[in-house]
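Per-entry structural report
Read off the chains here:
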Amino acid sequence: MKEYIDGKVTHTKVPRKRVPVEDYLSLQGRFRHLFEPTRNEKLLDEIQARVDSYWEKIEQDEAEK
C-alpha cells in the first residue's frame, strides 16, 4: 500500500514474499495477449525485471531510513 506524506510516496506495507508477475497477470483477461496465442517471454521478462527493480529500490530506501 502507498500513501502520499509530506510530498513523498511512502509504502505502508512492503511485501516480503513477492509473487511472480506472471501469476498475477495470467489471472486477468486483459493481459491474455501476453500468453496467447504464443507466450511473449521477452515482454514477461521485461515486466518482471521492472517490478524487481522497483521493489529493490523501495527496499533500499527503507533500509536507509
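Procedures and definitions
- Residues numbered from 1 in each chain as written.
- Predicted model: local features only at pLDDT ≥ 70, side-chain atom pairs only at ≥ 80, totals over all residues.
- Heavy atoms only, no water.
- Helix = DSSP H or I, 4+ residues; strand = E, 2+ residues; numbered from the N terminus.
- Rg over C-alpha atoms; globule rule 2.2 N^0.38 Å.
- Contact = heavy atoms within 4.5 Å.
- Areas by Shrake-Rupley, 256 points an atom, 1.4 Å probe, with all protein chains shown as cover.
- Lys, Arg positive; Asp, Glu negative; His and termini not counted.
- Charge placed at Lys NZ, Arg CZ, Asp CG, Glu CD.
- Pairing = 2+ DSSP bridges.
- Phe/Tyr/Trp six-rings, centres within 6.5 Å; stacked < 30°, edge-to-face > 60°.
- Salt bridge = Lys/Arg side-chain N within 4 Å of Asp/Glu carboxyl O.
- Buried < 20%, exposed > 50% of the residue type's maximum accessible area, 1.4 Å probe, protein only.

This brings us to the overall build of the chain. Broken down by element type, the chain carries two helices and two strands. Taken over the C-alpha trace, the chain has a radius of gyration of 15 Å; the compact-globule value for 65 residues is 11 Å, which it surpasses by more than 25%. By its C-alpha atoms, the chain is 45 × 20 × 20 Å across when sized along the principal axes. Put simply, 47% of the contacts in the chain that link residues at least 6 apart link residues at least 24 apart. Total accessible area computed for the chain in this model is approximately 5700 Å², and 53% of it derives from carbon and sulfur atoms. Placing the 13 positive and 14 negative side-chain charges of the chain at their respective mean positions leaves the two points 3 Å apart.

The next point concerns the pairing of strand β1 (residues 2-5). Relative to strand β2 (residues 8-11), β1 runs antiparallel, the two being bridged by four bridges. Counted as the bridge partner of K2 is H11 from β2. Hairpin geometry of β1 and β2 is characterised by an intervening segment of two residues between the two adjacent antiparallel strands and by a positive phi of about 50 degrees at D6.

What follows concerns unusual backbone geometry. Omega for the bond connecting E36 with P37 falls within 30 degrees of zero, at 0 degrees, which places this linkage in the cis form. When you line up the elements, P37 lands in the loop between α1 (21-26) and α2 (41-64). Even without a glycine there, the phi angle at D6 is positive, about 50 degrees. With respect to the helices, strands and loops of the structure, D6 is situated in the loop between β1 and β2.

Moving on, we get to the packing of aromatic side chains. Tallying each qualifying case throughout the model produces one aromatic pair. Ring plane angle 85 degrees and centroid distance 5.2 Å describe the contact between Y54 and W55, whose orientation is recorded as edge-to-face.

A few words now on the pattern of salt bridges. Evaluation of the coordinates by the stated rule reveals four salt bridges. A salt bridge links R18 to E59; its shortest N-O distance comes to 3.4 Å. Placement of the pair is R18 in the loop between β2 and α1 and E59 in helix α2, with a sequence separation of 41 residues. Look at R18 and you get partly exposed, because its relative accessible area is 34%. Owing to a relative accessible area of 29%, E59 belongs among the partly exposed residues under this scheme. Its salt-bridge partner being E22, residue R39 comes within 2.7 Å of it at the nearest N-O pair. Linking R39 in the loop between α1 and α2 with E22 in helix α1, this pair joins segments that are 17 residues apart in sequence. A single salt-bridge network, built from bridges that share partners, covers E22, R39 and E41.

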